[in-house]
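One-letter residues, chain by chain:
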Amino acid sequence: MALQGKVCFSLLFRMKPIFIVILLARFVVVHSMLDPNDFLALQSIRKSLNDMPGSDFFKSWDFTADPCNFSGVYCFSGRVVTLNLGDPRASSNGLTGRLDPSIGKLSALIEFTVVPGQIMGHLPQAISDLKNLRFLAISRNFISGEIPSAFGNLRNLQTLDLSYNQINGTIPFSIGTLPALTNLILSRNHLTGSIPPFFSKTLARLDLKQNSLSGWLPRLGLPPSLQYLSLSKNQLTGPIGGVIGRLNRLNYLDLSMNRFVGAIPAILFTFPINSLQLQRNQLSGPIEPGAPVRIQNVDLSFNRLSGEISSSFSTVQILYLNNNRFSGKVPGSFVDRILSANIQILYLQHNFLTGIEINPTVEIPLSASLCLQYNCMVLPIDTPCPLKAGTQKTRPAQQCNRLQGYNGNFT
């Protein structure tokens, strides 16, 4: 060993000064610019992942160079603060492999994202060691297993996006306790159980659609800071008024394809919502907004709503009221607005409506769509309807005569 040391020192001594400077500078750049723990963690992460065919994301990951210059790696004061794995361009392919637990060694990490690809396996619990993490997005891969309850230790986390994976189990109660949480996106997974209460006063987006969640909405667990709420295609039940009626900052609400019951609170139509999706539930009773509805898109179809249709809905551009129990005549304000092309879609089929005052010779604007079939009236005008509306133009008289004893089985 002593002889080898003498030989190396002798070679170094014989080099020209400029080459010695270059060699020492290269050693310093690679091994001292980045924290050694971060350097080793990146090596482990690289070993557990590969580019999919057509992707060359890891081409720049040459560990004889400065890792802070790698694609997707951003450093500050010798620490990795952002790690974006994969080429973010929409046309590029993602990565394969598994997420290595060494990610938890990047203790200065603030942002960690993974582009859509074919990464499999469970979420490393070691991610919960990243106390500075604010943004975590691992969507559109094949992540399975449960969300670690230890993620509740990420007290600075603002965005958690695990959508479009194969995650199962329940949403840990600890996720709801994250004080800085602003965006929670867990849609299109296999989550079960109830929705936990959320205590963050800054939660603006909650997207849990297309899971298998069940139970009632947490009465005091949805904060009034919410602006976007999507819970569609689950198995949620119970009334919505006591919970949704408090969320007066909502601009998007989708509770469709669940099992919600009871009345729709009138106050909901005063919220600054652009799109209201409540279709395919078991909501019932009359609806009287009390003022012209300013929501552009309203879908209340396939429920058990009854009574007369309020003229307040005539200000809606896209309105689905089909497959309910509405009765009486269609207000004239709807006719005026659809003939002036202010209404784009008005679907009233499969109700118990008894009339509409419209000139049989009038032409519906090409930009508007009106469907009236399968009601308790002779259609004054023949308009194209969607195929799912069927071919029968008028509801059988015996059903119309038994309207008062209607039990919700007519469609």
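Structure: above.
Residues numbered from 1 in each chain as written. Predicted model: local features only at pLDDT ≥ 70, side-chain atom pairs only at ≥ 80, totals over all residues. Heavy atoms only, no water.

Engineer: Hey, could you go over helix 3 (residues 36-48) for me, with residue numbers and the actual values?
Structural biologist: For an α-helix the count is 3.6 residues per turn, leaving residues at separations of three or four pointing the same way. With 13 residues, helix 3 should cover 18 Å at 1.5 Å per step; its first-to-last C-alpha distance of 19 Å lies within 8% of that length. Capping of helix 3 at its N-terminal end is provided by D35; its side-chain oxygen lies 2.8 Å from the backbone amide nitrogen of N37. (Helix = DSSP H or I, 4+ residues; strand = E, 2+ residues; numbered from the N terminus. Expected span 1.5 Å × (residues − 1). Polar contact = N/O pair within 3.5 Å; in protein donor to acceptor, adjacent residues only side chain to side chain.)

Engineer: Account for the pattern of salt bridges, naming residues and giving values.
Structural biologist: Overall, the coordinates contain three salt bridges when judged by the stated rule. Here R79 and D38 are joined by a salt bridge, their closest N and O atoms 3.0 Å apart. Pair noted here: R79 is in strand 3 (residues 79-85) and D38 is in helix 3, with a separation of 41 residues, a long-range link. Between K209 and D207 there is a salt bridge, with its nearest N and O atoms 2.8 Å apart. You'll find K209 and D207 in the same group, each marked buried. (Salt bridge = Lys/Arg side-chain N within 4 Å of Asp/Glu carboxyl O. Buried < 20%, exposed > 50% of the residue type's maximum accessible area, 1.4 Å probe, protein only.)

Engineer: Would you mind going over the side chain of T383 in detail, with residue names and values included?
Structural biologist: In this structure, T383 sits in the loop between strand 27 (369-371) and helix 6 (397-401). Look at T383 and you get buried, because its relative accessible area is 11%. Only 2.5 Å separates the side chain of T383 from the backbone oxygen of L370, close enough to count as a polar contact. Residues contacting T383, with those up to four places away along its chain left out, are I364, L370, C371 and L372. (Contact = heavy atoms within 4.5 Å.)

Engineer: Give a detailed account of the packing of aromatic side chains, specifying residues and quantitative values.
Structural biologist: Applying the stated rule across the entire model yields 11 aromatic pairs. Geometrically, the ring pair formed by F58 and W61 is edge-to-face, given 5.0 Å between the ring centres and 85 degrees between the ring planes. We classify W61 as buried; its relative accessible area is 6%. Seen in terms of ring centroids, Y320 and Y347 are 5.3 Å apart; in terms of plane orientation they differ by 80 degrees. Their pairing is edge-to-face. Taken together, the residues span a long stretch of sequence, with Y320 in strand 23 (residues 318-320) and Y347 in strand 25 (residues 345-347) at a distance of 27 residues. Overall, Y347 belongs to the buried group, its relative accessible area being 14%. The ring centre of F58 lies 4.2 Å from the NZ or CZ of R46, which sits over that ring. Just above the ring of Y164 sits the side chain of R140; from NZ or CZ to the centre is 3.8 Å. (Phe/Tyr/Trp six-rings, centres within 6.5 Å; stacked < 30°, edge-to-face > 60°. Lys NZ or Arg CZ within 6 Å of the ring centre and 35° of its normal.)

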